[in-house]
Amino acid sequence: IISDETVNQGDDVCVDVSVEGFTDILGMQFSINYDPAQLTFVSVGNFNLTDLNANLFGTPPGTNPGDITLSWLDQSLNGVTLNDGTVIFQICFTATGSGMTDVSFSGSPTSIEISDVNGDIVPF
């Protein structure tokens, strides 16, 4: 879940990314997309998930501005369970445009895949 925020043009803003139904999760990958005409990516941080860090986020070569990818694996291979609503990280931007815009999950350029300790794909 990506939090909703209201900012003025020129302001910095961080959106929270939180989980729901995060039970025995072993790994996850997905993309986060935003409109680069409205927002400028600044950083990721406030990590609250074992083994999650800035090195796991990327803007792969050949992708468009506005695409951020994430690939995470629980290095213990035991799986991680978190309470609903737990914020696992923040993405920070500067608002460069005016009007409304979305920051959203997608399967492009990195496909969405969440897996549990049994090797099963969990619905996103």
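Being a predicted model, the structure only gives us computed values, none of them experimental.

Colleague: Just checking my understanding: could you explain the nonpolar core for this structure?
Modeller: Buried together is how nonpolar side chains tend to be arranged in soluble globular proteins. Phe22, Met28, Leu49, Trp72, Phe89 and Ile91 are the most contacted members of the largest nonpolar core, which totals 28 residues. Here Leu49 is in contact with Phe22, Met28, Trp72, Val80, Leu82 and Ile88, once residues within four sequence places are set aside.

Colleague: Please explain the packing of aromatic side chains as it appears in this structure.
Modeller: The relation between two aromatic rings is expressed through the spacing of the ring centres and the mutual angle of the planes. Per the counting criterion, the structure on display carries eight aromatic pairs. With 5.1 Å between their ring centres and 85 degrees between their planes, Phe105 and Phe124 make a pair best called edge-to-face. In this pair, Phe105 sits in strand 7 (residues 103-106) while Phe124 sits in the segment after strand 8 (113-116), placing the two residues 19 residues apart along the sequence. Accessibility expressed as a relative area gives 23% for Phe105, which makes it partly exposed. Its relative accessible area of 54% is what places Phe124 among the exposed residues. An aromatic cluster of at least three residues, connected via ring pairs, comprises Phe30, Phe105 and Phe124.

Colleague: Quick question: what am I supposed to make of unusual backbone geometry here?
Modeller: When glycine is set aside, most residues are seen to have a negative phi, and most peptide bonds are trans. Cis geometry marks the peptide bond from Ser108 to Pro109; its omega dihedral reads 10 degrees. Topologically, Pro109 is positioned in the loop between strand 7 and strand 8. Unlike most non-glycine residues, Asn46 shows phi in positive territory, near 50 degrees. Inspection of the secondary structure assignment puts Asn46 in the loop between strand 3 (39-45) and strand 4 (57-58). At Asp51, a residue that is not glycine, the phi angle is positive and equals roughly 70 degrees. Inspection of the secondary structure assignment puts Asp51 in the loop between strand 3 and strand 4.

Colleague: I'm lost on the layout of surface pockets in this one. Help?
Modeller: The computed volume of the largest pocket comes to approximately 460 Å³. The wall of the largest pocket is formed by 21 residues, among which Glu5, Thr6, Met100, Thr101 and Asp102 lie closest to the centre. Elements with a minimum of two residues in the lining of the largest pocket: strand 1 (12-18) and strand 6 (87-95). Of the voids in this model, the second largest pocket is the one considered here, and its volume is about 300 Å³. If you go around the second largest pocket, you meet 16 residues; those closest to its centre are Ser18, Val19, Glu20, Phe22 and Phe124. Of all the secondary-structure elements, those providing two or more residues to the lining of the second largest pocket are strand 1 and strand 2 (25-34). Split by residue class, the lining of the second largest pocket holds 13 nonpolar, two polar and one charged.

Colleague: Just to check I follow, could you spell out the sheet that holds strand 3 for this structure?
Modeller: For sheets, the rule is that strands pair by backbone hydrogen bonds, running either parallel or antiparallel. Reading across from one edge, 1-6-3 is the order of the three strands in this open sheet, with antiparallel pairing throughout. The open sheet terminates on both sides in strands that have one partner only, identified here as strand 1 and strand 3. Adjacent strand axes in the sheet meet at a mean angle of 25 degrees when their direction is disregarded. Bridge count for strand 1 against strand 6 is seven bridges, and the pairing is antiparallel. Pairing of Asp12 across the sheet is with Thr94, part of strand 6.

About the cut-offs
Residues numbered from 1 in each chain as written. Predicted model: local features only at pLDDT ≥ 70, side-chain atom pairs only at ≥ 80, totals over all residues. Heavy atoms only, no water. Core = buried A, V, L, I, M, F, W, Y, C linked by side-chain atoms within 4.5 Å. Buried < 20%, exposed > 50% of the residue type's maximum accessible area, 1.4 Å probe, protein only. Contact = heavy atoms within 4.5 Å. Phe/Tyr/Trp six-rings, centres within 6.5 Å; stacked < 30°, edge-to-face > 60°. Helix = DSSP H or I, 4+ residues; strand = E, 2+ residues; numbered from the N terminus. 1 Å grid on protein atoms, 1.4 Å probe; cavity = no way out; pocket = protein on both sides within 12 Å on 5 of 7 lines; lining within 4 Å. Points joined across faces, edges and corners; volume = space filled by probe spheres on them. Nonpolar A, V, L, I, M, F, W, Y, C, P; charged D, E, K, R; others polar. Pairing = 2+ DSSP bridges. Axes fitted to C-alpha atoms, helices over the stretch in contact; angles between N-to-C directions.

Nothing here speaks to function; it is all geometry.
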